[in-house]
Amino acid sequence: MTVRTEVNGKPVTLQVDPRATLLDTLRDGLELTGTKKGCDRGQCGACTVHVDGRRVLSCLTLAATVGGRAVTTIEGLAQGGRLHPMQQAFIERDGLQCGFCTPGQIMSAVAMVHEGHATTDDEIRERMSGNICRCSCYPYIVDAIRDAQRVMR
Ligand code: FES
Ligand code: FES
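Residues numbered from 1 in each chain as written. Chains lettered and ligands numbered in written order. Predicted model: local features only at pLDDT ≥ 70, side-chain atom pairs only at ≥ 80, totals over all residues. Heavy atoms only, no water.

Trainee: Any chance you could explain the overall build of the protein here in plain terms?
Mentor: When its secondary structure is counted, the protein shows 5 helices and 5 strands. Helices and strands in the protein line up, N terminus first, as β-β-α-β-β-β-α-α-α-α. Relative to the compact-globule value of 15 Å for 153 residues, the protein shows a C-alpha radius of gyration of 15 Å, a close match. Taking the principal axes of its C-alpha atoms as reference, the protein extends roughly 45 × 30 × 25 Å. Taking all 153 residues of the protein together, 44% fall into the buried category. Considering only intrachain contacts with a sequence separation of at least 6, the fraction spanning at least 24 residues in the protein is 58%. Of the side-chain charges in the protein, 18 are positive and 17 negative, and the distance between the mean point of each set is 1 Å. (Helix = DSSP H or I, 4+ residues; strand = E, 2+ residues; numbered from the N terminus. Rg over C-alpha atoms; globule rule 2.2 N^0.38 Å. Buried < 20%, exposed > 50% of the residue type's maximum accessible area, 1.4 Å probe, protein only. Contact = heavy atoms within 4.5 Å. Lys, Arg positive; Asp, Glu negative; His and termini not counted. Charge placed at Lys NZ, Arg CZ, Asp CG, Glu CD.)

Here's what the structure looks like:
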C-alpha cells in the first residue's frame, strides 16, 4: 500500500506491506538506521521515535498508520548543524557506553521534557523506565536529562 507521510521534515511516499512495522520501514526502506532494533517486541525502548511529537515504539507501530503524520527520528533532531541540547547533554554527561540504546533514550527524553514530566530525578527515572540500558548508564542518563531540560525550557 502507499503511505504518504513526513519523515524528519521531508515529505515521503512509501510503498509498504500493510504488516510492515515503522521500525523496519525506517531502517530498511529509508536507511535511517539510527533507530535501533533491540527486542522488536516493545520491551526495550531502543526503537523510540516521535510521531506528531509523541514518543512511540516504532517496533509496535505499523508504517501504514503514519500516513499524514510527522515522524521524527534521531537523525532529525539536530537543527542547522547544531546538536539538540539533549544530544549535547548525553555527550557531556557521558550518558552512554556502547550507544545502542542511546537514540531511543534521547528520543524518549526529548518527548518527556516536552510533556512536562522531567521535574525531579525520581520523575525522570519513572518516565524513562521503558528505555533499558544494558550498559547500566542510568545515573549519567538522568544527569544528562536534568541538564538538557534546563536548556530546553
Ligand atoms: Fe522496540 Fe525494543 S525494539 S521496544
Ligand atoms: Fe549500551 Fe545503553 S549504552 S545499552
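Trainee: Please clarify how the sheet that holds strand β2 (residues 10-15) should be interpreted in this entry.
Mentor: Sheets are built from strands that pair by backbone hydrogen bonding, the pairs being arranged parallel or antiparallel. Read across the sheet, 5 strands follow the order β2-β1-β5-β3-β4 without closing on themselves; strand pairing throughout is mixed. Both edges of this open sheet fall to β2 and β4 (54-57), since each of them pairs with a single strand only. When the angles between neighbouring strand axes are averaged without regard to direction, this sheet yields 40°. Of the pairings in the sheet, the one linking strand β3 (residues 48-51) to strand β5 (residues 70-72) comprises 2 bridges and is antiparallel in character. (Pairing = 2+ DSSP bridges. Axes fitted to C-alpha atoms, helices over the stretch in contact; angles between N-to-C directions.)

Trainee: When you look at the pairing of strand β1 (residues 2-7) in this model, what are you seeing that I'm missing?
Mentor: Residues in a regular strand point their side chains to alternate faces of the sheet. Of the two faces of β1, the one holding Val3, Thr5 and Val7 is buried and the one holding Thr2, Arg4 and Glu6 is not buried anywhere. In textbook terms, the turn of a hairpin is the stretch between consecutive antiparallel strands, and for β1 and β2 this stretch comprises 2 residues, one of which, asparagine 8, has a positive phi near 50°. Alignment of β1 against β5, held across 2 bridges, turns out to be parallel. Across the sheet, the residue bridging to valine 7 is valine 71, located in β5.

Trainee: Even after reading the chapter, I still don't get the environment of methionine 1, so can you show me in this structure?
Mentor: On the secondary structure map, methionine 1 appears in the segment before β1. Assessed through its relative accessible area of 45%, methionine 1 is described here as partly exposed. Taking the C-alpha atoms as reference points, methionine 1 and valine 16, separated by 15 residues in sequence, lie 5.4 Å from one another. Once residues within four sequence positions are removed from consideration, methionine 1 is found in contact with Leu14, Gln15, Val16, Pro18 and Ala64.

Trainee: Just checking my understanding: could you explain the layout of surface pockets for this structure?
Mentor: Which parts of space are left empty comes out when a probe the size of a water molecule is rolled across the atoms. Size it by volume and the largest pocket reaches roughly 160 Å³. Taken together, Gly38, Cys44, Ala46, Cys98, Phe100, Cys101, Ile132, Cys133, Arg134 and Cys135 make up the lining of the largest pocket. Its residues assigned to classes, the lining of the largest pocket comprises 8 nonpolar, 1 polar and 1 charged. (1 Å grid on protein atoms, 1.4 Å probe; cavity = no way out; pocket = protein on both sides within 12 Å on 5 of 7 lines; lining within 4 Å. Points joined across faces, edges and corners; volume = space filled by probe spheres on them. Nonpolar A, V, L, I, M, F, W, Y, C, P; charged D, E, K, R; others polar.)

Trainee: Please clarify how unusual backbone geometry should be interpreted in this entry.
Mentor: If a residue is not glycine, its phi is most likely negative; likewise, a peptide bond is most likely trans. In this structure, aspartate 52 is a non-glycine residue whose phi angle is positive, near 50°. With respect to the helices and strands, aspartate 52 occurs in the loop between β3 and β4. On the basis of relative accessible area, aspartate 52 is assigned to the partly exposed category, the value being 44%. The backbone of aspartate 94 sits at a positive phi, close to 60°, despite the residue not being glycine. Secondary-structure assignment places aspartate 94 in the loop between α2 (85-92) and α3 (102-115).

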